[in-house]
Amino acid sequence: MPAPGPTTNAPPVNGIPPGRPFSWRFTTPLFVGSALNPINSSLIATALVPIAHGLGVSIGQTAALVTALYLASAIALPTAGKAAEVFGPRRVFLAGIGLVIVGGLVGGAADSLPILLISRVLIGSGTSCAYPTAMLLIRRRAEDAGLDKPPGGVLGGLQIAGIATASLGLPLGGVLVAALGWRSVFLVNVPVALVALVTTVAWVPPDSPPGSPSDSPSGSPPNRSRRARDVAAALDVVGIAGFAAAMIALLLFLFALPDAHWYLLAISAVLWIALVLWELRAATPFLDLRLLAGNRALTSTYLRYGLVLVCAYVVLYGVTQWAQSVRGLSETEAGLLLLPMTLMSGLVISLISRRNTVRGPVTAAALACLVGSAGVLLLSTSGWIGWVVVVTLVFGVAMGTSGAGNQTALYEHAPTEQLGTASGLLRTFGYLGSIAASAITGIVFRTHVSDRGMHLVAWIMVGVGVVLLLTTLADRTLRTRPAS
């Protein structure tokens, strides 16, 4: 977190204390809110078996709780960003926190699997509002303070909260389930969300009235009309619905692997084509395809980020399964093995983000992915268990450098008026990477987990690492910085 600047006796400008535009009061609720989504993505893992026993369902059925949050998050992240561009980021941030509170209470009181699924959708949708709205709030704060960009430590703190905390869910979930039962993994969201709610109301300045010039992103005309039809057009509700339908079909296909339901892939392809045709004609498209096609730096950022998370989540999914099934570790012990990954990624982000650089960090991330993937080849039944920690440390470097570099690239290359949607899409690509990792481990470990299977997964990771490194080195957009 950036150190407070010098204080003066001058009055606040635009509600910002002179010399301290990014004080801890402003950043704390944004960081707390942004940490809820990644933690919840893995928090449920240690509760699946107790939930199955408690509700009298099969363990296989409880896997839908993981799928529900991934589906909701992948769709809600860019949707929340678009809504923040129209209605104001603070309003959407608070609405998301409200959904988290409701979702936590519903999950804590649930007596059936369908109710738990509703809870996970609410939590996934609500927690997804935090990151894209936080990016918009930070940019608005920087502009109001007369800064070209916020201090690197601010973006770094947001990245630590939004990515480095993902592996905390496994050990935290194990402790909660052991001490308080499976309902605690839902109810724990309530007090944390209340903290984010109260601190946001107290310390984050309100948005301007909807439709006012100061509430509109730089470069876009204010939308003064509040008629439902005009609001729907500004949001591009048809585009959002098409994106949601196409994404659901695609993700359901991926989640079903290794059982390939090709009809789902065909439906997804048709929906994507229809979405492209619609977005090319929309006045305010949800997905600005012309921007993505013309902004190679932004699309490259999405690709790099997704590929890094493919490898990182193979470690979260595959290596933990291997440690439990082959090495005989408990779920809690396997989760604790991942803590060094969290600590290393947080340390790396805090060190690198202050420099606001892109090329060096993303190149280091590609190299770390390749080295770490090769390291997975050395895991074996009779090998030193400490080697798992070494591998996770390397991937901690990969996640830290990728997070810092790609978030800086996003902030630099995404148009101001579309930063919310662009930020949400970055996280959506991250979820696609994590889902791909889940599919890879599911296919390889379909019948049983073994050293041989783990090594096959490692070779797939090496291939991804090679592609990532080559595309990063060949990317000419990393050799120049955007005009300020």
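Please refer to the structure higher up on the page.
Since the model is a prediction, treat every value here as computed from it, not as a measurement. (Residues numbered from 1 in each chain as written. Predicted model: local features only at pLDDT ≥ 70, side-chain atom pairs only at ≥ 80, totals over all residues. Heavy atoms only, no water.)

Caption draft 1: Seen up close, the overall build of the protein. Check the secondary structure of the protein and you find 22 helices and zero strands. Over its C-alpha atoms the protein spans a radius of gyration of 22 Å, differing by no more than 12% from the 23 Å that the globule rule assigns to 484 residues. In terms of overall dimensions, the protein has C-alpha extents of about 65 × 50 × 50 Å along its principal axes. Relative to its full complement of 484 residues, the protein shows a buried share of 55%. Considering only contacts in the protein between residues 6 or more positions apart, those separated by 24 or more positions represent 82%. Taken as a whole, the protein presents about 19400 Å² of accessible surface, with 68% of it coming from carbon and sulfur. Of note, the protein has its 29 positive side-chain charges centred 4 Å away from the centre of its 18 negative side-chain charges. (Helix = DSSP H or I, 4+ residues; strand = E, 2+ residues; numbered from the N terminus. Rg over C-alpha atoms; globule rule 2.2 N^0.38 Å. Buried < 20%, exposed > 50% of the residue type's maximum accessible area, 1.4 Å probe, protein only. Contact = heavy atoms within 4.5 Å. Areas by Shrake-Rupley, 256 points an atom, 1.4 Å probe, with all protein chains shown as cover. Lys, Arg positive; Asp, Glu negative; His and termini not counted. Charge placed at Lys NZ, Arg CZ, Asp CG, Glu CD.)

Caption draft 2: Looking closely at helix H12 (residues 228-235). Along H12, the positions that sit buried rather than exposed are Val231, Ala234 and Leu235. Projected down its long axis, H12 shows its buried positions confined to an angular sector of 95°, all on one face. Phi turns positive, to about 60°, at Asp236, one or two residues after H12. (Arc of directions from axis to C-beta.)

Caption draft 3: Fine view of the pattern of salt bridges. Tallied over the entire structure, the rule returns three salt bridges. Between Arg304 and Asp475 there is a salt bridge, with its nearest N and O atoms 3.1 Å apart. A residue pair is termed long-range when its members are at least 10 positions apart, and Arg304 in helix H16 (residues 296-325) and Asp475 in the segment after helix H22 (451-474) qualify at 171 residues. Of the two residues examined, Arg304 and Asp475, each falls in the buried class. (Salt bridge = Lys/Arg side-chain N within 4 Å of Asp/Glu carboxyl O.)

Caption draft 4: Region of the structure containing helix H20 (residues 386-413). Counted at 1.5 Å a residue, the expected span for H20 with its 28 residues is 40 Å, and the 41 Å between its end C-alpha atoms agrees. Most of H20 is tucked away: 22 of the 28 residues are buried. (Expected span 1.5 Å × (residues − 1).)

Caption draft 5: Molecular detail of the environment of Ser58. Note that Ser58 resides in the loop between helix H2 (48-55) and helix H3 (59-62). With 10 residues separating them in the primary sequence, Ser58 and Leu48 have C-alpha atoms 9.7 Å apart.

Caption draft 6: Structural context of the environment of Leu122. As for its placement among the helices and strands, Leu122 is situated in helix H6 (residues 113-128). Sequence separation between Leu122 and Ile101 is 21 residues, and the spatial gap between their C-alpha atoms is 8.9 Å. What Leu122 contacts, discounting residues up to four positions off in sequence, is Leu99, Val102 and Gly103.

Caption draft 7: Molecular detail of empty space enclosed by the protein. Tallied over the entire structure, the rule returns three cavities of 30 Å³ or more. Estimated volume of the largest cavity: approximately 170 Å³. Contributing to the lining of the largest cavity are 19 residues, with Asn37, Gly162, Ile163, Arg427 and Tyr431 lying nearest its centre. Mapped by element, the contributors of at least two residues to the lining of the largest cavity are helix H1 (24-43), H6, helix H8 (152-164), H16 and helix H21 (419-444). A breakdown of the residues in the lining of the largest cavity according to their chemical character gives 10 nonpolar, eight polar and one charged. Within this model, the second largest cavity holds a volume of roughly 110 Å³. Forming the boundary of the second largest cavity are 14 residues, of which Phe286, Asp288, Leu291, Gln418 and Thr421 lie nearest the centre. (1 Å grid on protein atoms, 1.4 Å probe; cavity = no way out; pocket = protein on both sides within 12 Å on 5 of 7 lines; lining within 4 Å. Points joined across faces, edges and corners; volume = space filled by probe spheres on them. Nonpolar A, V, L, I, M, F, W, Y, C, P; charged D, E, K, R; others polar.)

On their own, these measurements won't tell you what the molecule is for.
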